[in-house]
Amino acid sequence: MFMQFKRQLFTYHDDMTDIDIANPKLRALYDLWNAKRGTRQAPPRSDFSFEDLRPWFGYLMLLDCVGNNEYRYRLYGTELVSLFGFDLTGKGVSDAIGQIGDKPLDEYRQVVRIGAPVYASRISPSAREYLQVDKLALPLMEGGVVTKILGALYLSDTAEAA
């Protein structure tokens, strides 16, 4: 059976309520980010408490933007480690391309370039197989510059139903 998967990128505009995020958990994370954002382009990391992010624990990624289009995983959730079979905490995205492919690097560069969320539904490699995933990457800004990326990733409903 051949299945075609789509990849969606979203750009920033003043009214982001029409962004189509299929996964309800990712939609809820986007809604939290959007509420914290208020009238700003993106909120800073300091706007999020431990309790705010509790519903997504295990599935979260937090990346530092370290310059020269490079990103380092500050946090790579325990459920992601179980799902994919490797831990990326402390690793640079470019250093992990052999494990994760080049799409994550492209997605993070897009987040920084446009200063807006990127949602992707796509195939992702793991240590055991390729998985259909839904991923949301959200910019976190200080002084008008994206300094961190908050992300979460879940198996897509298509994959869970198969």
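Residues numbered from 1 in each chain as written. Predicted model: local features only at pLDDT ≥ 70, side-chain atom pairs only at ≥ 80, totals over all residues. Heavy atoms only, no water.

Draft legend 1. Just the overall build of the protein chain, in detail. Each helix and strand in the protein chain was counted, giving six helices and five strands. Scanning the protein chain from its N terminus toward the C terminus, one meets helices and strands in the order α-α-β-β-α-α-α-β-β-β-α. Out of the 162 residues in the protein chain, the part that is buried amounts to 48%. If you take every contact in the protein chain between residues at least 6 apart in sequence, the share linking residues at least 24 apart comes to 52%. Here the protein chain displays about 8200 Å² of accessible surface, and carbon together with sulfur accounts for 51% of that area. (Helix = DSSP H or I, 4+ residues; strand = E, 2+ residues; numbered from the N terminus. Buried < 20%, exposed > 50% of the residue type's maximum accessible area, 1.4 Å probe, protein only. Contact = heavy atoms within 4.5 Å. Areas by Shrake-Rupley, 256 points an atom, 1.4 Å probe, with all protein chains shown as cover.)

Draft legend 2. Main features of the sheet that holds strand β4 (residues 130–142). With antiparallel pairing, the five strands of this open sheet are ordered in space as β2-β1-β5-β4-β3. The strands lining the two open edges of the sheet, one partner per strand, are β2 (70–76) and β3 (118–125). Averaged over neighbouring strand pairs, the angle between their axes works out to 30° when direction is ignored. Each of β1 (60–67), β3, β4 and β5 (145–155) touches helix α1 (residues 24–37); the most contacted strand, β4, lies at about 5° to it. (Pairing = 2+ DSSP bridges. Axes fitted to C-alpha atoms, helices over the stretch in contact; angles between N-to-C directions.)

Draft legend 3. Structural detail: unusual backbone geometry. A positive phi angle, near 50°, is found at N68, a position not held by glycine. With respect to the helices, strands and loops of the structure, N68 is situated in the loop between β1 and β2. Although it is not a glycine, N69 sits at a positive phi angle of roughly 55°. For N69, the location among the structural elements is in the loop between β1 and β2. The exposure class of N69 is partly exposed, given its relative accessible area of 44%.

Draft legend 4. Broad picture of the pairing of β1. Where β1 lies against β5, five bridges are found, and the strand directions are antiparallel. In the sheet register, M61 faces β5, and the bridge partner there is G151. Sheet analysis places β1 next to β2, joined by six bridges and oriented antiparallel. Residue G67 lies in a different strand from β2, and its bridge partner there is E70. In this structure, the hairpin formed by β1 and β2 is closed by a connection of two residues, where N68 is found at a positive phi of approximately 50°.

Draft legend 5. Structural view of the packing of aromatic side chains. Across all of its chains, the model carries seven aromatic pairs by this definition. Aromatic side chains Y59 and Y154 sit 4.4 Å apart centroid to centroid with 25° between the ring planes, which places their arrangement in the stacked category. A residue pair is termed long-range when its members are at least 10 positions apart, and Y59 in the loop between α2 (50–53) and β1 and Y154 in strand β5 qualify at 95 residues. For Y59, a relative accessible area of 26% puts it in the partly exposed group. For Y154, a relative accessible area of 5% gives the class buried. Centre to centre, the rings of Y73 and Y76 are 5.4 Å apart; their planes meet at 80°, and the pair counts as edge-to-face. Here Y73 matches Y76 in class, with each residue buried. (Phe/Tyr/Trp six-rings, centres within 6.5 Å; stacked < 30°, edge-to-face > 60°.)

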